[in-house]
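Overview (structure and organization)
Listed below are the residues making up each chain.
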Amino acid sequence: MRVSRFPIPTLKETPADAEIVSHQLMLRAGMIRKLASGLYSWLPLGVRVLRNVERVVRQEMERIDAAEVFLPAVQPAELWQESQRWEQYGPELLRFKDRHERDFCFGPTHEEVITDLVRGEIKSYRQLPVTYYQIQTKFRDEIRPRFGIMRAREFIMKDAYSFHTNPASLQETYDRMYQAYVAVFTRLGLGFRAVLADSGSIGGHTSHEFHVLADSGEDAIAFSDSSDYAANVELAEAAAPVEPRPAPTESINTVDTPGQHTMEALASFMGVPTSRCLKTLLVKGEAGGLIALCLRGDHHLNEIKAEKLSGVLSPLTLAEDADIRAATGAGVGSIGPVGLEVPVIADRAAAVLADFVCGANQDDRHLSGVNWGRDLAEPQVEDLRNVVEGDPSPDGDGHIAIRRGIEVGHIFQLGTKYSEAMEATVLDEDGKSCLVTMGCYGIGVTRIIAAAIEQNHDDRGIAWPAAMAPFQVAVLPLNAARSERVRQAAESVYAALSAAGIDTLIDDRGLRPGVMFADMELIGIPHRLVVGERGLDQGMFEYKGRQDAEPTLVPQSDIIDFLQQRIAH
RNA sequence: CGGGGUAUGGCGCAGUCUGGUAGCGCACCUGCUUUGGGAGCAGGGGGUCGGGGGUUCGAAUCCCUCUACCCCGACCA
């Protein structure tokens, strides 16, 4: 392509409302422009990157025999009512009516549509297993779109759905899909990890997320420092302390604690570490009453773990202030489990505290020297908290380290959640009707692009991994307007590279060298070829890789071979 | 939705407190010079100051109201 006919509107200045580097660079490189909150137009350069990512994804899907489909973005409410998700999904689901006042939504995902398709088309176990996939625009009305393309409302996703007669077959496809994901992210040149994950609202059980490791990531990933254990912090088990609870040494005592409403303030006021304080949270129970959740003062509640406990309302809902006062006689900040008339569930670490500090259920008063089993009943003990750096690894090998990750893929074993709700059945060998078992597998195609930039940039701009680069080579003629020799040499090498099947961009804008250099570095073209009088006098082109410190001279006659080799690895 | 902030030419900003009819840098257009790391000089075009209402002789500036966008928290590929 010629830059004169392939507009790349680069920006010298960083747009004020772009927070993270990938967002800034995508705007500056002229890949995207914002239309409205969470909605972006893709310019020609961005589209080329997008197509490259899609191509790799398609190839790896085809390699494991997944078949591509294209599904409606607009979906009828009836389908979502069948799966119960019309009610469950909440305001994130963009709903609207057509001219006949019929309810529709813009698909945030396609489980319902694909299940509907399959139940109509697949009748026999002989047709299974089968895997469909789609690469399409989806829409989620995010509470807070941010970070540009990273958390947009409209985004492109690859979703695959597999259908089976039994869990073993699902496991087999799941494993192949896992390997396909490893292949996709490896080919795209990303530093990533597969981690154990929660399956969330989509349902099902076994689940892995694929995360690109980056400090700007929105997810916290727990790793073992000595084994290959990796899990989303949401899911990582906090092992029970090995040390037993110490014997009580203090007696219970009521202390006036005016104005001490945070754990930090309370701990310093009482002269104890926050790890000797007990934090009590009141949440709504399934039966309508309240349930007290107790944690060590230095630990944080894991809401996903909490809402999975029987008796606790899901989704987890904190009690209203009025209900808290009615149940405890005090306000938030002064509540504790002693004398409380509601069920008490303590985190494993909180359950081995002795002589601890907790709220007295009277405003501005706390208790010190409190002990389970002596001053109040032994609580129900559960894993309630987020793991923290230094915790023992749940697999018993090593200790937990926590890093940030960008979730770019997620695979689930759905089981029969959707087939049951939507009555997707096939006839088995015995001619009996049985529910199909499903898996689903997502890749955030647009998000991958932002994640790749987070991992591959420097102070000059983007440095694309080869598989994503919008062009492989940039040909830069210096002073072509003054030198017919330069112009012709540049045109002929451009033609030769293009003929050799190499994606090449020639900067024929006739700008000063510095501008071309800066633009090509900003947009991240991996290989740069400078054509100037100086080099031509020696029969040379000047080559520089995006990450190279110094250019190298390459004989004109060798240039195609030379570049093909560079591009190949 | 709660808390904080912003809105002035394509982009980045000043001007707002203390009302007097809009400015700077970059970008854009023309000409000349220049040309191996974002050129120089000269000339030029472009803004209902987010919308509506009000106060005033006069509003970017003060008051009311609406909207959009950004940041911090709860949602997810």
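Given the structure is predicted, the values throughout are model-derived calculations rather than measurements. (Residues numbered from 1 in each chain as written. Chains lettered and ligands numbered in written order. Predicted model: local features only at pLDDT ≥ 70, side-chain atom pairs only at ≥ 80, totals over all residues. Heavy atoms only, no water.)

**Focus on the overall build of chain A**
Threshold: Counting from the N terminus, the helices are the DSSP runs of H or I reaching at least four residues and the strands are the DSSP runs of E reaching at least two. Accessibility here uses a 1.4 Å probe with only protein chains present; expressed as a share of the type maximum, an area under 20% marks a residue as buried, one over 50% as exposed, and anything in between as partly exposed. Residue contacts are counted whenever heavy atoms from the two residues lie within 4.5 Å of one another. Per-residue and other accessible areas were derived by the Shrake-Rupley procedure at a 1.4 Å probe size, with only the shown protein chains allowed to occlude residues.
When you go through chain A residue by residue, the secondary structure sums to 16 helices and 30 strands. Seen along its three principal axes, the alpha-carbon backbone of chain A occupies a region of about 95 × 70 × 50 Å. Across the 569 residues that make up chain A, the buried fraction comes to 52%. Within chain A, contacts between residues at least 6 apart in sequence are counted, and of these 68% link residues at least 24 apart. Approximately 25,500 Å² of chain A is accessible, and the part contributed by carbon and sulfur atoms is 50%.

**So, the protein's contact with RNA strand B**
Put simply, the rule reads: The criterion for a residue being near a molecule or strand is simple. One of its heavy atoms has to lie within 4 Å of it. In the analysis that follows, any N or O atom pair within 3.5 Å is treated as a polar contact, provided that within protein one partner can donate a hydrogen and the other can accept it, and provided that, for residues neighboring in sequence, both atoms belong to side chains. All residues other than Ala, Val, Leu, Ile, Met, Phe, Trp, Tyr, Cys, Pro, Asp, Glu, Lys and Arg, Gly among them, are scored as polar; the first ten of these are nonpolar and the last four charged.
Taken together, 46 residues are adjacent to RNA strand B, and Arg140, Glu407, Asn479, Glu521 and Glu542 come closest. Here Arg144 contributes a side-chain N or O atom positioned 2.6 Å from a phosphate oxygen of RNA strand B. For the surface near RNA strand B, the element with the highest residue contribution is helix α14 (residues 513-522), accounting for seven residues. Residue classes in the surface near RNA strand B are distributed as 15 nonpolar, 10 polar and 21 charged.

**Focus: a negative patch on the surface**
Worth spelling out the cut-off: Exposure above 30% relative accessible area and the absence of a salt bridge qualify a residue for a patch, where like charges join within 9 Å and nonpolar side chains (Val, Leu, Ile, Met, Phe, Trp, Tyr) within 5 Å. For this analysis, a salt bridge means a side-chain nitrogen from Lys or Arg found within 4 Å of a carboxyl oxygen belonging to Asp or Glu. Charged residues are defined here as Lys and Arg on the positive side and Asp and Glu on the negative side; His and the ends of the chain fall outside this count. Each charge is placed at NZ for Lys, CZ for Arg, CG for Asp and CD for Glu.
Judged by side-chain charge, Asp225, Asp228, Asp395 and Asp397 come together as a negatively charged surface patch. Checked against the element boundaries, Asp228 lands in the loop between β11 (219-224) and β12 (230-232).

**Here we look at the nonpolar core**
Operational definition: To form a nonpolar core, buried Ala, Val, Leu, Ile, Met, Phe, Trp, Tyr and Cys residues must be joined to one another through side-chain atoms within 4.5 Å.
Core analysis: the largest hydrophobic core is formed by 69 residues, its most contacted members being Met31, Phe185 and Trp464. Contact partners of Met31, with chain neighbours within four places excluded, come to Met26, Ser41, Trp42, Leu43, Leu45, Gly46, Val49, Ile449, Ile453, Ile462 and Trp464.

**Details of the packing of helix α1 (residues 21-28) against helix α12 (residues 445-455)**
Our working definition: In this analysis an axis means a line fitted to C-alpha atoms, helices contributing only their contacting stretch, and an angle means the value between N-to-C directions, from 0 to 180 degrees. With respect to orientation, any angle under 35 degrees is reported as roughly parallel, any angle over 145 as roughly antiparallel, any angle of 65 to 115 as roughly perpendicular, and every other angle as oblique.
Remark: α1 packs on α12, axes separated minimally by 8 Å, with the N-to-C direction vectors making an angle of 105 degrees. Taken as axis vectors, α1 and α12 run roughly perpendicular relative to one another. On the side of α1, the interface is formed by Val21, Ser22, Leu25 and Met26, while α12 contributes Ile449, Ala450, Ile453 and Glu454. When grouped by side-chain class, the residues that make up the contact of α1 with α12 number six nonpolar, one polar and one charged.

**Side note on the sheet that holds strand β30 (residues 552-555)**
To keep it simple, the criterion reads: By this definition, two strands are paired if DSSP reports at least two bridges between them.
Read from one edge to the other, the open sheet built from five strands follows the order β27-β26-β28-β29-β30, with strand pairing classed as mixed. The sheet is open, and its two borders are formed by β27 (504-506) and β30, each paired with just one other strand. For this sheet, the mean inter-axis angle between neighbouring strands, taken without regard to orientation, is 30 degrees. Bridge count between strand β29 (residues 540-545) and β30: four bridges; the pairing is antiparallel. Residue pairing for β30: Glu542 is matched across the bridge by Leu553. Packed on one face of the sheet, α14 meets β26 (473-477), β27, β28 (527-531) and β29 and runs near 175 degrees to β26. The strands touched by helix α16 (residues 559-568) are β26, β28, β29 and β30; relative to β28, the strand with the most contacts, the crossing angle is about 160 degrees.

**Side note on the pattern of salt bridges**
All chains considered together, the criterion is met by 42 salt bridges. The residue Glu142 makes a salt bridge to Arg151 at a minimum N-O spacing of 3.2 Å. Here Glu142 falls in the buried class, since its relative accessible area comes to 17%. A salt bridge links Asp298 to Arg296, with the shortest nitrogen-to-oxygen separation between them at 2.9 Å. The network of salt bridges with common partners includes Arg460, Glu521, Arg528, Glu542 and Lys544.

**Focus: the confidence of the model for chain A**
Spelled out, the test is: Within a predicted model, pLDDT stands for the predictor's per-residue confidence, ranging from 0 to 100.
Mean pLDDT over chain A stands at 92; residues scoring 70 or higher make up 99%. For chain A, per-element mean pLDDT is lowest for helix α9 (residues 321-328), which scores 83, and highest for strand β3 (residues 67-68), which scores 98.

**Focus on the pairing of strand β10 (residues 207-213)**
Burial runs high along β10: six of the seven residues are buried. Relative to β10, strand β9 (residues 192-196) runs antiparallel, the two sharing five bridges. Residue pairing for β10: Ala194 is matched across the bridge by Phe210. In this structure, β10 lies alongside strand β20 (residues 400-415), joined through seven bridges in antiparallel fashion. Pairing of Val212 across the sheet is with Ile406, part of β20.

**A look at the packing of helix α2 (residues 44-63) against α12**
Operational definition: Note on convention: near helix rotated counterclockwise from far helix by under a right angle means a left-handed crossing. Clockwise means right-handed.
At their nearest, the axes of α2 and α12 sit 10 Å apart, and the two run at 110 degrees to each other. Relative to α12, α2 is oriented roughly perpendicular. Viewed along their axes, α2 and α12 form a crossing whose handedness is right-handed. Along the contact surface, α2 presents Val49, Leu50, Val53 and Glu54, while α12 presents Val445, Thr446, Ile448 and Ile449. When grouped by side-chain class, the residues that make up the contact of α2 with α12 number six nonpolar, one polar and one charged.

**Quick notes on the sheet that holds strand β4 (residues 74-76)**
Taken in spatial order, the three strands line up as β4-β6-β5 in an open sheet, and their pairing is antiparallel. Of all the strands in the sheet, the pair left with one neighbour each is β4 and β5 (95-97). Neighbour to neighbour, the strand axes of the sheet diverge by 40 degrees on average, direction disregarded. Across three bridges, the pairing between β4 and strand β6 (residues 103-106) is antiparallel. When the bridges of β6 are listed, Pro76 appears paired with Phe104.

**Concerning α1**
For α1, a buried count of six out of eight residues is recorded, marking the element as mostly surrounded by other parts of the structure. Of the positions making up α1, those classed as buried are Ser22, His23, Leu25, Met26, Leu27 and Arg28. Phi turns positive one or two residues past the end of α1, at Gly30, with a value near 75 degrees.

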